[in-house]
Amino acid sequence: MDFTLDTIRSRFEDRLDAVMRRAGAELTDFPPELAAMVDHLLASKGKRLRPTLVLGAHLAHGGDGEMALPLAATVELIHNASLIHDDIEDMDEFRRDSPSAWRLFGVRQALNLGDLLLPAAFHLFLQTPVTPGVRLRVLDRLTRELMRMVGGQMTEIAALHREPGGFPEYERVCAGKTGALFRVCLAGAAELAGEEDPGALARLEAAGTSLGLLFQGRDDLIDILGRKEGRFALGDLLEGKLSLLTVVARERLTGDARDEFFTLLSIPRPRKDAACASRMREILFEEGVVALALGRHAALVDGLRAELDALPPGLAALLADLLTRLAVAPETEPSKP
Ligand code: GRG
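Rules used in this analysis
Residues numbered from 1 in each chain as written. Predicted model: local features only at pLDDT ≥ 70, side-chain atom pairs only at ≥ 80, totals over all residues. Heavy atoms only, no water. Helix = DSSP H or I, 4+ residues; strand = E, 2+ residues; numbered from the N terminus. Rg over C-alpha atoms; globule rule 2.2 N^0.38 Å. Buried < 20%, exposed > 50% of the residue type's maximum accessible area, 1.4 Å probe, protein only. Contact = heavy atoms within 4.5 Å. Areas by Shrake-Rupley, 256 points an atom, 1.4 Å probe, with all protein chains shown as cover. Axes fitted to C-alpha atoms, helices over the stretch in contact; angles between N-to-C directions. Parallel < 35°, antiparallel > 145°, perpendicular 65-115°, else oblique. Left-handed = near helix turned anticlockwise from the far one by under 90°. 1 Å grid on protein atoms, 1.4 Å probe; cavity = no way out; pocket = protein on both sides within 12 Å on 5 of 7 lines; lining within 4 Å. Points joined across faces, edges and corners; volume = space filled by probe spheres on them. Nonpolar A, V, L, I, M, F, W, Y, C, P; charged D, E, K, R; others polar. Near = heavy atom within 4 Å. Polar contact = N/O pair within 3.5 Å; in protein donor to acceptor, adjacent residues only side chain to side chain. Disulfide = S-S within 2.5 Å. Expected span 1.5 Å × (residues − 1). Bend = angle between axes of the 7 residues up to and from the residue.

Caption draft 1: Representation of the overall build of the chain in the model. Each helix and strand in the chain was counted, giving 16 helices and two strands. Over its C-alpha atoms the chain spans a radius of gyration of 20 Å, differing by no more than 12% from the 20 Å that the globule rule assigns to 337 residues. The dimensions of the chain, computed from C-alpha atoms along their principal axes, are 60 × 50 × 30 Å. When burial is assessed residue by residue, the chain has 53% of its 337 residues classed as buried. If you take every contact in the chain between residues at least 6 apart in sequence, the share linking residues at least 24 apart comes to 75%. As displayed, the chain has an accessible area near 14900 Å², and 56% of this comes from carbon and sulfur atoms.

Caption draft 2: Inspection of the packing of helix α4 (residues 69-90) against helix α6 (residues 107-125) at higher detail. Look at α4 against α6: their axes get within 8 Å of each other, and the N-to-C directions meet at 160°. In terms of their interaxial angle, α4 and α6 are classed as roughly antiparallel. Crossing angle aside, the handedness with which α4 passes α6 is left-handed. Listed contacts from α6 to Pro 70, Leu 71, Ala 73, Thr 74, Leu 77, Ile 78, Asn 80, Ala 81, Ile 84, His 85 and Ile 88 of α4 are Val 107, Ala 110, Leu 111, Leu 113, Gly 114, Asp 115, Leu 117, Leu 118, Ala 120, Ala 121, Leu 124 and Phe 125.

Caption draft 3: Broad picture of empty space enclosed by the protein. Under the defined criterion, the tally for this structure stands at three cavities of 30 Å³ or more. In this structure, the largest cavity spans a volume of roughly 160 Å³. Lining the largest cavity are 14 residues, and of these Leu 41, Ser 44, Ile 84, Arg 95 and Ala 101 lie nearest its centre. For the lining of the largest cavity, the secondary-structure elements that each account for two or more residues are α2 (32-43), α4, β2 (98-99) and α5 (101-105). With four residues, the top contributor of residues to the lining of the largest cavity is α4. Each residue belonging to the lining of the largest cavity can be placed in one class, and the counts come to six nonpolar, five polar and three charged. Volume-wise, the second largest cavity comes out at about 60 Å³.

Caption draft 4: Up close: the site of the ligand. The full set close to the ligand counts 19 residues, and Lys 47, Arg 50, His 79, His 85 and Arg 96 are the nearest of them. Note that an oxygen atom of the ligand is positioned 2.5 Å from one of the side-chain N or O atoms of Lys 47. In this structure, His 79 approaches the ligand through a side-chain N or O atom, which is 2.7 Å from an oxygen atom. If you list the elements that add at least two residues to the shell around the ligand, you get α4, α7 (132-158) and α10 (198-225). At seven residues, α4 tops the list of elements feeding residues into the shell around the ligand. Within the shell around the ligand, the residues separate by chemical class into six nonpolar, seven polar and six charged.

Caption draft 5: Quick peek at the state of the cysteines. Under the counting rule described, the total for this entry stands at zero disulfides. With no disulfide of its own, Cys 185 has Cys 174 as its nearest cysteine by sulfur position, at a separation of 16 Å.

Caption draft 6: The arrangement of helix α8 (residues 167-177) in detail. In terms of residue burial, α8 counts as a mostly covered element, since eight of its eleven residues are buried. All buried positions along α8 are accounted for by Phe 167, Glu 169, Tyr 170, Val 173, Cys 174, Ala 175, Gly 176 and Lys 177. Buried residues belonging to α8 abut α7, α9 (179-192), α10, α12 (244-252) and α15 (289-307).

Caption draft 7: Representation of helix α1 (residues 5-26) within the structure. Spanning 22 residues, α1 covers 29 Å between terminal C-alpha atoms, matching the ideal 32 Å at 1.5 Å per step. Remark: the principal bend of α1, roughly 55°, maps to Glu 13. Those residues of α1 not exposed but buried are Leu 5, Ile 8, Phe 12, Leu 16, Asp 17, Val 19, Met 20, Ala 23 and Gly 24. Tucked inside the fold, the buried residues of α1 contact α2, α3 (49-60), α4, α6 and α16 (313-326).

Caption draft 8: Representation of the packing of α7 against α8 within the structure. Packing of α7 against α8 brings their axes to within 6 Å, and their N-to-C directions diverge by 140°. With respect to α8, the element α7 is oriented oblique. Here α7 and α8 pass one another in a crossing that is left-handed. Here Arg 148, Met 149, Gly 152, Gln 153, Thr 155 and Glu 156 of α7 lie close against α8, whose contacting residues are Val 173, Gly 176 and Lys 177. Within the contact of α7 with α8, the residues separate by chemical class into two nonpolar, four polar and three charged.

Caption draft 9: Quick look at unusual backbone geometry. Despite not being glycine, Arg 48 has its phi angle at roughly 60°, a positive value. Tracing the chain through its elements places Arg 48 in the loop between α2 and α3. Although it is not a glycine, His 161 sits at a positive phi angle of roughly 70°. Residue position: His 161 is located in the loop between α7 and α8. Judged by relative accessible area, His 161 falls into the partly exposed class, the value being 24%.

Encoded structure:
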């Protein structure tokens, strides 16, 4: 079969929707206006990358995909919960080209919605038709990774507005907040298909960690290149966030440019305005930080590509497809913010 993101996503799209809708319907006996919030959430779909990876990894390990549908829906529900909470924490007003959940329903109900999705996700996973032993192993993986995800997010927030500790700190944050779910997608799906070899599972976990780093790096680059669809660009600089750019800035900047950049980074909102963020962006372009960060990201993409041969062929093909989408084209002229 053809292991591309598009073919796997479209092959399972209807069934994944049905499983997620069933989870929504079972959530509670809400009155209609509250049920409408859940419906809105389930209707606002993203790229469905994580469930597609679950299904692809299951197929690539000899599974039929069907048995992995509850896990696929589970990771997407957890991902959605994390986005709702993340938007509240960052006060991001837009998500998936529409107002974020807290803008639509208020902070309190958005928090509740995120909270609701988590037990719903676990409840759904428990319906996976595998032996209790396998189910428990994957459940254990899921809970451990979810703790790492929250840990990564907490570490990132603790690092706001300050000069970053360096690339290892950035890697740790990405391995948690973004890599955790990717590790579940790859290694959890393989376990559901019967994979027990510790070496094979470790390779899948390593690929998930690398994907988290690449995915987050791309997100960081898109923020500065001004190509964030439906969201404000430069949000990370405004927020004073640890990012691939601030880490490379720490390595690269010297003298006045360094002092100015990190002084601006340390200013909290709302004192830091769009003009501050634009000046920071200017420094990053002028001092070659953006070019270096693009190069660093491209090298990481190449690094993971070189490791794909160690994975089952179908999964290697699927991840090769993903890597072409994670590459970020360099931009010679910075567009005006
Ligand atoms: C699990 C409720 C809960 C909280 C965990 C808030 C938090 C703690 C973690 C946030 C983690 C986070 C938002 C990481 C960012 C990952 C990222 C780049 C998301 C964007 O993913 P896409 O592009 O989104 O796959 P779509 O919209 O396509 O699904």
